Amino acid sequence: MRSIRFENAKSIKAELEGGLTVMYGAGGNGERIRKVLKDFDIRIDYFCDDDYNKWGKRFCGIEVISFEKLTEKATEQKMNVILTSVFGGPILRKLESLNVTVYEAFSILIDRYYKNSFYKTPLSEGEIDSFVKQINELKNYINDKESVEILEKIKFTVCNPQKKDYARFFSVASHYDCYFVEEVLRALPENPVIVDCGGFTGDLMVALKRHDIDYKKVYSFEVNKELFSKMKENISANKLENRFIPINKGVWNTKGISFLNVDPHDIAGGKLQNDCSQGIKIETVTIDEVFSDIPYDFVKMDIEGAERNAIWGGYSYDKKIQAYHGNFIIPLCA
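Scoring rules and cut-offs
Residues numbered from 1 in each chain as written. Predicted model: local features only at pLDDT ≥ 70, side-chain atom pairs only at ≥ 80, totals over all residues. Heavy atoms only, no water. Core = buried A, V, L, I, M, F, W, Y, C linked by side-chain atoms within 4.5 Å. Buried < 20%, exposed > 50% of the residue type's maximum accessible area, 1.4 Å probe, protein only. Helix = DSSP H or I, 4+ residues; strand = E, 2+ residues; numbered from the N terminus. Contact = heavy atoms within 4.5 Å. Salt bridge = Lys/Arg side-chain N within 4 Å of Asp/Glu carboxyl O. Polar contact = N/O pair within 3.5 Å; in protein donor to acceptor, adjacent residues only side chain to side chain. Axes fitted to C-alpha atoms, helices over the stretch in contact; angles between N-to-C directions. Parallel < 35°, antiparallel > 145°, perpendicular 65-115°, else oblique. Nonpolar A, V, L, I, M, F, W, Y, C, P; charged D, E, K, R; others polar.

Visitor: Even after reading the chapter, I still don't get the nonpolar core, so can you show me in this structure?
Guide: Within soluble globular proteins, side chains that are nonpolar tend to cluster in buried spots. Among the nonpolar cores identified, the biggest contains 21 residues, and Phe-180, Leu-204, Leu-208 and Phe-244 are the most heavily contacted of them. Broken down by secondary-structure element, the contributors of at least two residues to this core are α10 (203–210) and α11 (225–237). When residues of this core are assigned to their parent elements, the largest contribution, five residues, is made by α10. Look past the residues within four positions of Phe-244 in its chain and what remains in contact with it is Asp-196, Leu-204, Met-205, Tyr-215, Val-218, Ser-220, Met-231 and Ile-235. Counting 19 residues, the second-largest nonpolar core is a separate cluster that includes Ala-9, Met-23, Phe-47 and Tyr-103.

Structure (structure tokens):
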């Protein structure tokens, strides 16, 4: 495998030479990068994705194939792989043994869709001071060395725009599965009951199957109605109605009403805001409320900054004794 990181579509086109061109990651970022590449008349033969719910279907009018199918095609002819997923570490590790050229094109998104990001528009002095304060505060609650190093890399990148280094920033992405790193797999009990905060379209069902985790039940919360609808379709297609339970509510520290604000360029990045009345009106619940009589073993959260509030809603008090329910895993991804 040969890996090349490019910052614009024009430079990718200049490098592509014959063979098949496959985009790895049939999600929102894949769709956006595909639009950019289309402007430069870059032909895409296939999308590849690790989500088995997408295999055999068409995305952006292009067939989606599995990694196994990609491997077969890579042995038959020359192949270029354009990586679009933020979970690049695990994918690059899978591609290492193949004779393919990988173009890491995620940074193309910044030029076209995120012009107000810190990469394009440096933060003000006040914003940097506030950011550093938050990072330093967060480090006080972290025990492992790896997480502290990741936070330091992020802080350096944000605070030193004159020294911006895409490779340094993207290196924070783990080479392990986003939700099930080795420590988590060792900690999981047999047949766990899982609380899934931020269900998306059912990504957790794919990860559980990939790791052969025989779970008893998953309660999956997703506030975005469009994503929730797709998750229900995937649950039905996999006949998991009695094991994978979708819940169209937000997880917060209080029960009530909040508002979901979604960036039109990033449907997966919607944020809950209960201090304003703009956005999509949604219902919030607490973990303690929903699971007052339901034992659970494991909580996964990927909810765009609402994790702290959700965790505070997951503490139970009994006779002035604070009881911690379950194990929490909150992924930190590039």
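There is more to say, and it comes next.
Visitor: Just to check I follow, could you spell out the pattern of salt bridges for this structure?
Guide: Oppositely charged side chains can form a pair if their charged atoms are brought close together. One pass over the structure, following the stated rule, counts 11 salt bridges. Across the salt bridge formed by Asp-214 and Arg-243, the nearest N and O atoms sit 3.7 Å from each other. In this pair, Asp-214 is assigned in the loop between α10 and β9 (217–221) and Arg-243 in the loop between α11 and β10 (244–247), connecting sequence segments 29 residues apart. Overall, the relative accessible area of 29% leaves Arg-243 in the partly exposed class.

Visitor: It is not clear to me how the environment of Lys-57 should be interpreted in this structure. Could you clarify?
Guide: Relative to the helices and strands, Lys-57 resides in the loop between β3 (46–48) and β4 (58–59). Apart from the residues lying within four places of it in its own chain, the contact partners of Lys-57 are Ile-62, Glu-63 and Val-64. Separated by 3.1 Å, the side chain of Lys-57 and the backbone oxygen of Asn-53 make a polar contact.

Visitor: How do you make sense of the packing of helix α6 (residues 125–139) against helix α7 (residues 145–159) when you look at a structure like this?
Guide: Two quantities define a packed helix pair, namely the angle between the axes and the distance from one axis to the other. Remark: α6 packs on α7, axes separated minimally by 10 Å, with the N-to-C direction vectors making an angle of 175°. One way to sum up the angle between α6 and α7 is to call them roughly antiparallel. On α7, the residues that touch Ile-128, Phe-131, Val-132, Ile-135, Asn-136, Leu-138 and Lys-139 of α6 are Val-148, Leu-151, Glu-152, Ile-154, Lys-155, Val-158 and Cys-159. Residue classes in the contact of α6 with α7 are distributed as 10 nonpolar, one polar and three charged.

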